[in-house]
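# Examining the three-dimensional arrangement
Now for the letters of each chain:
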Amino acid sequence: MHTARDKKKLIARVRRIRGQLEAVERAIEEEQDCSVVMNTVAAARGALGGLAAELIEDHVRFHVLDPNERPSAKRRDAASELLEVIRAYVK
């Protein structure tokens, strides 16, 4: 499985995201200004979106495009276009 290959890196990202979510909780608990809470939520959302985009990209590269075969230029271009849309969507 391709996630096993990058397991340490992915776990580190998840832990950073967990820290960001805990910062959201602290900001609410401490009744910080709403702009602080919203910016903290936005940062956590961006980090989670980035993780999702990376996982989807790996999925496309390992399961949609066969890593053991050389895909046609048309298929490669289609995969690249799909990944661009996904990256834009999860931001």
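Described in the following lines is the structure provided in the data block. (Residues numbered from 1 in each chain as written. Predicted model: local features only at pLDDT ≥ 70, side-chain atom pairs only at ≥ 80, totals over all residues. Heavy atoms only, no water.)

Moving on, we come to the pattern of salt bridges. With the rule as written, the count across this model stands at four salt bridges. Two residues, Lys9 and Glu54, come together in a salt bridge whose shortest N-O distance is 2.9 Å. Here Glu54 lies in helix 3 (residues 34-64) and Lys9 lies in helix 2 (residues 7-29), a separation of 45 residues in the sequence. Taking relative accessible area as the criterion, Lys9 reaches 43% and is therefore assigned partly exposed. Across the salt bridge formed by Arg13 and Glu54, the nearest N and O atoms sit 2.1 Å from each other. Residue Arg13 is found in helix 2, and its partner Glu54 is found in helix 3; the two are separated by 41 residues along the sequence. Here the residues in one salt-bridge network are Lys9, Arg13 and Glu54, joined through shared partners. (Salt bridge = Lys/Arg side-chain N within 4 Å of Asp/Glu carboxyl O. Helix = DSSP H or I, 4+ residues; strand = E, 2+ residues; numbered from the N terminus. Buried < 20%, exposed > 50% of the residue type's maximum accessible area, 1.4 Å probe, protein only.)

Quick look at helix 3 now. With 31 residues, helix 3 should reach 45 Å at 1.5 Å per residue; the first-to-last C-alpha distance of 42 Å fits that figure. Of the positions making up helix 3, those classed as buried are Val37, Thr40, Ala44, Gly49, Leu51, Ala53, Glu54, Glu57, Asp58 and Val60. (Expected span 1.5 Å × (residues − 1).)

Turning next to the side chain of Glu54. Its relative accessible area of 16% is what places Glu54 among the buried residues. When residues no more than four places from it in sequence are discounted, the contact partners of Glu54 are Lys9, Leu10 and Arg13. (Contact = heavy atoms within 4.5 Å.)

This paragraph deals with the packing of helix 2 against helix 3. It is the contact of helix 2 with helix 3, at a shortest axis distance of 9 Å, that shows an interaxial angle of 160 degrees. It follows that helix 2 is roughly antiparallel to helix 3 by the angle criterion. Viewed along their axes, helix 2 and helix 3 form a crossing whose handedness is left-handed. Where helix 2 approaches helix 3, its residues Lys9, Leu10, Arg13, Val14, Ile17, Gln20, Leu21, Ala23, Val24, Ala27 and Ile28 are matched on the opposing element by Val37, Thr40, Val41, Ala43, Ala44, Ala47, Leu48, Gly50, Leu51, Glu54 and Leu55. Broken down by class, the residue content of the contact of helix 2 with helix 3 amounts to 16 nonpolar, three polar and three charged. (Axes fitted to C-alpha atoms, helices over the stretch in contact; angles between N-to-C directions. Parallel < 35°, antiparallel > 145°, perpendicular 65-115°, else oblique. Left-handed = near helix turned anticlockwise from the far one by under 90°. Nonpolar A, V, L, I, M, F, W, Y, C, P; charged D, E, K, R; others polar.)

What follows is about unusual backbone geometry. Positioned with a positive phi, Glu31 is a non-glycine residue whose angle comes to about 55 degrees. For Glu31, a relative accessible area of 72% corresponds to the exposed category.

It is worth spelling out a negative patch on the surface at this point. On the surface, Glu22, Glu25, Glu29, Glu30 and Glu31 cluster together into a patch of negative charge. Relative to the elements of secondary structure, Glu29 occurs in helix 2. Judged by relative accessible area, which is 64%, Glu29 ranks as exposed. (Patch = residues over 30% accessible without salt bridge, like charges linked within 9 Å, V, L, I, M, F, W, Y side chains within 5 Å. Areas by Shrake-Rupley, 256 points an atom, 1.4 Å probe, with all protein chains shown as cover. Lys, Arg positive; Asp, Glu negative; His and termini not counted. Charge placed at Lys NZ, Arg CZ, Asp CG, Glu CD.)

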